[in-house]
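The chain contents come next:
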Amino acid sequence: MAVEKVPMLAEGYANMEAELKELKAERPVIVDAIETARAHGDLSENAEYHAAKERQGQVEATIADLEGKLSRAQVIDPTSLSGDKAVFGATLHLLDEDDKPVKYQLVGEAEADAKAGKISFNSPIGRAFIGRSIGDEIEVTVPSGDKYYLLEKVEFI
């Protein structure tokens, strides 16, 4: 079975690495908290112990998830791309149905941040944009209804 690559930008990769480093640094702190709580005696009614064990489980799960994504990462540099089609890493300049300019960058799932204009290529909106060319009118169905966009410009920055 082929390993599925996880496309991401260099910035997203660096952010994941930083988060992983922070979580790994937290491990000994959690172990100390568990030991301290264990020393308080009866574990069945020891809230600090249970909280520390729960945090340990969360941290270990997140570390495993991040390590998995980083090991499968396919870092894509948008500046190495060109063309007039919407592809991963592209920054799209659009007009919405009210002729208001909208700008989105197509990024990996882990990097998506709608408020910052970074949308996952795998989201309903991202999938509607992928492969479209300048001048295309794009209809997207979102929870709030149908949205219409005109793709004006594709940038690779």
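Here's what I pulled together on the structure shown here.

Attention now moves to the environment of glutamine 74. With respect to the helices, strands and loops of the structure, glutamine 74 is situated in strand β2 (residues 73-76). Distance from glutamine 74 to aspartate 42, taken between C-alpha atoms, is 48 Å for residues 32 residues apart in sequence.

A few words on the pattern of salt bridges. Per the stated rule, a full pass over the model turns up seven salt bridges. A salt bridge links arginine 38 to glutamate 35; the nearest nitrogen and oxygen atoms lie 3.1 Å apart. Residue arginine 38 and its partner glutamate 35 are both found in helix α1 (residues 10-38); the two are separated by three residues, about one turn of the helix. For arginine 38, a relative accessible area of 38% corresponds to the partly exposed category. Residue glutamate 35 is classed as partly exposed on the basis of its relative accessible area of 42%.

A few words now on α1. Helix length check: α1 (29 residues) gives 42 Å between terminal C-alpha atoms against 42 Å at 1.5 Å per residue, within 8%. Along its length, α1 shows its largest kink, about 30°, at arginine 27, and proline proline 28 lies within four residues downstream of that point. For α1, the complete set of buried residues consists of Gly12, Met16, Leu20, Leu23, Ile30, Ile34 and Ala37. Check the buried side of α1 and you find it contacts β1 (6-9) and α2 (47-71).

Between the first and last C-alpha of α2 there are 36 Å, a value that for 25 residues agrees with the 36 Å anticipated at 1.5 Å per step. Residues of α2 that are buried: Tyr49, Ala52, Val59, Ile63, Leu66, Gly68 and Leu70. The inward-facing, buried residues of α2 contact α1 and β2. For α2, the side-chain oxygen to backbone nitrogen distance between the N-cap and glutamate 48 is 3.3 Å, and the N-cap itself is asparagine 46.

Residues Leu92, Leu94, Tyr104, Phe129, Val140, Tyr149 and Leu151 are the most contacted members of the largest nonpolar core, which totals 18 residues. With near-sequence residues (within four places) excluded, leucine 151 lies in contact with Ala86, Leu92, His93, Leu94, Arg132, Ser133, Ile134, Gly135, Asp136 and Ile138. Counting 15 residues, the second largest nonpolar core, distinct from the first, contains Ile34, Ala37, Tyr49 and Ala73.

Another aspect to go through is the pairing of strand β7 (residues 145-155). Summarising the sheet, strand β3 (residues 91-96) and β7 pair through six bridges and their orientation is antiparallel. Paired with leucine 95 across the two strands is leucine 150, which belongs to β7. Of the pairings in the sheet, the one linking strand β6 (residues 137-142) to β7 comprises six bridges and is antiparallel in character. Bridge pairing in β7 places glutamate 139 opposite tyrosine 148.

Definitions and limits used
Residues numbered from 1 in each chain as written. Predicted model: local features only at pLDDT ≥ 70, side-chain atom pairs only at ≥ 80, totals over all residues. Heavy atoms only, no water. Helix = DSSP H or I, 4+ residues; strand = E, 2+ residues; numbered from the N terminus. Salt bridge = Lys/Arg side-chain N within 4 Å of Asp/Glu carboxyl O. Buried < 20%, exposed > 50% of the residue type's maximum accessible area, 1.4 Å probe, protein only. Expected span 1.5 Å × (residues − 1). Bend = angle between axes of the 7 residues up to and from the residue. Contact = heavy atoms within 4.5 Å. Polar contact = N/O pair within 3.5 Å; in protein donor to acceptor, adjacent residues only side chain to side chain. Core = buried A, V, L, I, M, F, W, Y, C linked by side-chain atoms within 4.5 Å. Pairing = 2+ DSSP bridges.

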